[in-house]
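A structural walkthrough
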Amino acid sequence: MGRSVIIDGSIVYTDSSEILSNPGFEALLREYIDILKEKNSPLLRTLEAFRIGDDYDVKHFIEYLHLLTLRNIREITTIINYVNPDDLAKFVESFYSFWRNKHRFMIKKERYTIDNARKTSIVFTAVMIAEEFKNLVRNLYRTIMKNITPDDTNIIRQLPSGAQVTFLVDDIEIPDERFQSFTNIPTVWGAIFDPPVIFYTKSNKRKGVLPVVEKEILSQIKLNNKEREWFLVPVLVAELLVYVFVHREYLSHAAGLGNLFQFADIIDIKSKKASGVLIFGLPVEKIPDYKTEWKNGVVFKDGELYVGVIPALDENDYFGYMKKTMLTLHNLIRIDQGRLPVHGSMARIVLKNGKSAVAMFVGDSGAGKSETLDALNRLEEVAYVDVIIDDMGSLDILNGRVVAYGTETGAFVRLDDLPPGYAYYTMDRSIFMNPDKINARVIVPFNNYREIITPTPIDFFLYANNYTEVHSDDERIIFFDSIEKALEVFSAGKRMSKGTTSEEGMTESYFANPFGAVQRKEEHHKIAEKFLRKMFETGVKVGEIRTMLGVEGYEKEGTYLAAKTLYKLIERM
């Protein structure tokens, strides 16, 4: 059955018998029993009354469960051989947990519409169906348990039991001859989350740098059972249209896209040509001329189109691969356009005295970019911090000034690096990934699409140095007096690894950007020099901010001290 469970959203479930008689319930139960057999679990004692040779009569057991929705276990012992109530209660409880540990998605097919009233009606109906299903599953569990063991508790826990995410899908034709072999794939045009949304994936770190290969690839890729096992999520990365094809087993990462990027609508699909494609979860044997160095992903330059492919391997089951491949596609396109892609965070910082400035922090994962912005937001003297870019953006020159554009409407951040309680404050709209592990992550929306694609002039362009220990406020932010010195620091891309990738200790990454910049280093360097020159000419303050996020003992205090220093600089402007 796989990790992802697909619930048919076209069915309005009104009775628990409809769940028990559903083929999906039988398949889920058989999968669970097979796992118990592999483990030689004592829970199998429950099924002895249903044993047939070396197997179990699953259909008969489901009929027994159906009887337990109607009558007490003591009343049906005459109908079937005796089943120990304590064993049965443990079995049902464990099976219920097995279901809840699945990634659960409801798929509701609805015609996409631009009419807001009609769209509201569709969403309302989908929410009602998902809510009804959730209540039925919960009530089915409770009824069976009540008829097995005496219910002597006054505490009821409303555990999440239905679909974690409901996807609204339609058959939307892609008006692009390059995608002739990608027809009849359900297209996601909306998503409804039922928080808290928590997914447990098989990997929790990203490895390596995506190689870029010039190769005609799209016409050679075939998706098996594409109508049933694949989904298309059209996404806007800034204003660039990217088609993301996701295998059903990795739908949790498609859900993450909903919190991180703007879903494209039918007008975008009809009016724009796709700039990039990402195929997530393609079996290795389906990747033409596969090479082992592509195991953590590869980007193909297929004519004017960039095509990212993430193989269906357990080590790639991490949302970081989804996000970073998307941003690599974006950055490669920007370099081709002569714009400067920037791996960093940017925000408009507004003080209570009315003064404001736009600061961009450049740095790789764990450099302290987001943490410094959060520290600024908690300063008493700061009115608010309007985050425009959380992880990746691009620079352009407009009317003689350097301006920035964002890519994402959300953030994919480490739980450990957030202030205590912050992630739980946003629990009602966040997606949690592996909250029980090191490098646990949360995907939280933070901005609207219109703001991130609006050109924003910048005042500070700062490299986020997380490794230099400083003790004086004068050393926390320094400014470069030459383009050459700025290029040297930014190009080195030094940082102390925080364990967010497979790297450890002091590392270097060209321009702190292994997502396109390092693959197109020569072209990128010319563009970077041009933009830094324009910054020096127009008064943008180019320098380095010491966050000390990688210095032992300063993991929390360092970003606060750096934020305080930046506030003072803005206050003196």
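Residues numbered from 1 in each chain as written. Predicted model: local features only at pLDDT ≥ 70, side-chain atom pairs only at ≥ 80, totals over all residues. Heavy atoms only, no water.

**Comments concerning the overall build of the protein**
- Check the secondary structure of the protein and you find 16 helices and 28 strands.
- Against the globule reference of 25 Å for 573 residues, the protein gives a C-alpha radius of gyration of 27 Å, in line with a compact fold.
- Within the protein, buried positions represent 56% of all 573 residues.
- Taking all contacts inside the protein whose residues are at least 6 apart in sequence as the whole, residues at least 24 apart take part in 77%.
- Across the protein, 72 positive and 80 negative side-chain charges occur, with their mean positions spaced 1 Å apart. (Helix = DSSP H or I, 4+ residues; strand = E, 2+ residues; numbered from the N terminus. Rg over C-alpha atoms; globule rule 2.2 N^0.38 Å. Buried < 20%, exposed > 50% of the residue type's maximum accessible area, 1.4 Å probe, protein only. Contact = heavy atoms within 4.5 Å. Lys, Arg positive; Asp, Glu negative; His and termini not counted. Charge placed at Lys NZ, Arg CZ, Asp CG, Glu CD.)

**Concerning helix α9 (residues 319–337)**
- In this model α9 runs 27 Å from its N-terminal to its C-terminal C-alpha over 19 residues, within 8% of the 27 Å that 1.5 Å per residue would give.
- With 17 of 19 residues buried, α9 is to be regarded as a mostly interior element.
- Looking one or two residues past α9, glycine 338 carries a phi angle of roughly 85 degrees, positive in sign. (Expected span 1.5 Å × (residues − 1).)

**A few points about unusual backbone geometry**
- Each neighbour pair has its own omega, and for proline 195 with proline 196 the value is -5 degrees, a cis peptide bond.
- With respect to the secondary-structure elements, proline 196 resides in the loop between β6 (187–193) and β7 (197–199).
- Here asparagine 40, not a glycine, exhibits a phi torsion of approximately 50 degrees, which is positive.
- By secondary structure assignment, the location of asparagine 40 is in the loop between α2 (23–39) and β2 (51–52).
- Positioned with a positive phi, asparagine 434 is a non-glycine residue whose angle comes to about 50 degrees.

**With respect to the environment of leucine 168**
- Its place among the elements puts leucine 168 in strand β5 (residues 165–170).
- Since its relative accessible area comes to 1%, leucine 168 is described here as buried.
- Each C-alpha atom, one on leucine 168 and one on isoleucine 192, is 8.2 Å from the other, the two residues being 24 residues apart in sequence.
- The residues contacting leucine 168, other than those within four sequence positions of it, are Lys108, Ile122, Val123, Ala126, Thr187, Val188, Trp189 and Gly190.

**A short note on α2**
- In this model, α2 (17 residues) spans 25 Å end to end at C-alpha, consistent with the 24 Å of a helix rising 1.5 Å per residue.
- Every buried residue of α2 is accounted for by Phe25, Glu26, Leu28, Leu29, Glu31, Tyr32, Ile33 and Leu36.
- Sitting at the amino-terminal end of α2 is asparagine 22, which places a side-chain oxygen 2.7 Å from the backbone nitrogen of glycine 24.
- Within two residues after α2, asparagine 40 carries a phi angle of roughly 50 degrees, on the positive side. (Polar contact = N/O pair within 3.5 Å; in protein donor to acceptor, adjacent residues only side chain to side chain.)

**Remarks on the packing of helix α10 (residues 369–377) against helix α16 (residues 557–571)**
- For the pair α10 and α16, interaxial distance at closest approach is 8 Å and the crossing angle is 65 degrees. As for how α10 packs across α16, the hand of that crossing is right-handed. For the pair α10 and α16, contact is made by Glu371, Thr372, Ala375 and Leu376 and by Thr559, Tyr560, Ala563, Leu566 and Tyr567, respectively.
- The class makeup of the residues in the contact of α10 with α16 is 6 nonpolar, 2 polar and 1 charged. (Axes fitted to C-alpha atoms, helices over the stretch in contact; angles between N-to-C directions. Left-handed = near helix turned anticlockwise from the far one by under 90°. Nonpolar A, V, L, I, M, F, W, Y, C, P; charged D, E, K, R; others polar.)

**Some points on the sheet that holds strand β20 (residues 410–414)**
- Spatial strand order, β7-β21-β22-β20: 4 strands in an open sheet with mixed pairing. Either end of the sheet is taken by a strand with one partner, and the two such strands are β7 and β20. Averaged over all pairs of adjacent strands, the angle between strand axes in this sheet comes to 20 degrees, irrespective of strand direction.
- Pairing of β20 with strand β22 (residues 441–445), which is carried by 5 bridges, proceeds in the antiparallel orientation. Residue arginine 414 lies in a different strand from β22, and its bridge partner there is arginine 441. (Pairing = 2+ DSSP bridges.)

**Examining the packing of aromatic side chains**
- Per the stated rule, a full pass over the model turns up 28 aromatic pairs.
- Aromatic side chains phenylalanine 25 and phenylalanine 95 sit 5.7 Å apart centroid to centroid with 80 degrees between the ring planes, which places their arrangement in the edge-to-face category. Of this pair, phenylalanine 25 sits in helix α2 while phenylalanine 95 sits in helix α4 (residues 85–100), and the two are 70 residues apart along the sequence. The same class applies to phenylalanine 25 and to phenylalanine 95, which are both buried. (Phe/Tyr/Trp six-rings, centres within 6.5 Å; stacked < 30°, edge-to-face > 60°.)

**Observations regarding the pattern of salt bridges**
- Under the definition given, this model contains 33 salt bridges.
- Put simply, aspartate 194 and lysine 134 hold a salt bridge, and the shortest N to O gap is 3.2 Å. A residue pair is termed long-range when its members are at least 10 positions apart, and aspartate 194 in the loop between β6 and β7 and lysine 134 in helix α5 (residues 116–148) qualify at 60 residues.
- Classification of aspartate 194 as partly exposed rests on a relative accessible area of 24%.
- Given a relative accessible area of 9%, lysine 134 falls into the buried group.
- Across the pair aspartate 473 and lysine 568 runs a salt bridge, and its minimum N-O distance is 3.5 Å. Here the residue aspartate 473 occupies a position in helix α13 (residues 473–476), and lysine 568 occupies one in helix α16, the gap between them amounting to 95 residues.
- Classification of lysine 568 by relative accessible area gives partly exposed; the value is 33%. (Salt bridge = Lys/Arg side-chain N within 4 Å of Asp/Glu carboxyl O.)

**Section: the pairing of β20**
- Extensive coverage of β20 is indicated by the burial of 5 of its 5 residues.
- Burial along β20 is two-sided: Gly410, Phe412 and Arg414 and Ala411 and Val413, pointing in opposite directions, are all buried.

**Description of the environment of arginine 51**
- Within the fold, arginine 51 resides in strand β2.
- Separated by 10 residues in sequence, arginine 51 and phenylalanine 61 place their C-alpha atoms 9.8 Å apart.
- Of note is the side chain of arginine 51, whose polar atom sits 3.1 Å from the backbone oxygen of glycine 53.

**Thoughts on the pairing of β22**
- β22 sits mainly inside the fold: 4 of its 5 residues count as buried.
- Two strands pair when backbone bridges link them, and strand β21 (residues 431–433) and β22 are joined in this way by 3 bridges, in the antiparallel orientation. Counted as the bridge partner of methionine 433 is arginine 441 from β22.

**Section: the side chain of lysine 226**
- Inspection of the secondary structure puts lysine 226 in helix α6 (residues 226–229).
- With no salt bridge to any partner, buried lysine 226 finds its closest opposite charge in glutamate 227, at an N-O distance of 5.1 Å.
- For lysine 226, the contacting residues outside a window of four places in its chain are Ser181, Phe182, Thr183, Ile185 and Pro186.

**Let's talk about the packing of α2 against α4**
- Close contact between α2 and α4 brings their axes to 11 Å; oriented N to C, the two are set at 110 degrees. Classified by the angle their axes make, α2 and α4 are roughly perpendicular. α2 and α4 meet at a crossing whose hand is right-handed. Note on element contacts: α4 touches α2 through Phe91, Ser94, Phe95, Phe98 and Trp99, opposite Phe25, Leu28, Leu29, Glu31, Tyr32, Ile33, Ile35 and Leu36.
- Here the contact of α2 with α4 is composed, by residue class, of 11 nonpolar, 1 polar and 1 charged. (Parallel < 35°, antiparallel > 145°, perpendicular 65-115°, else oblique.)

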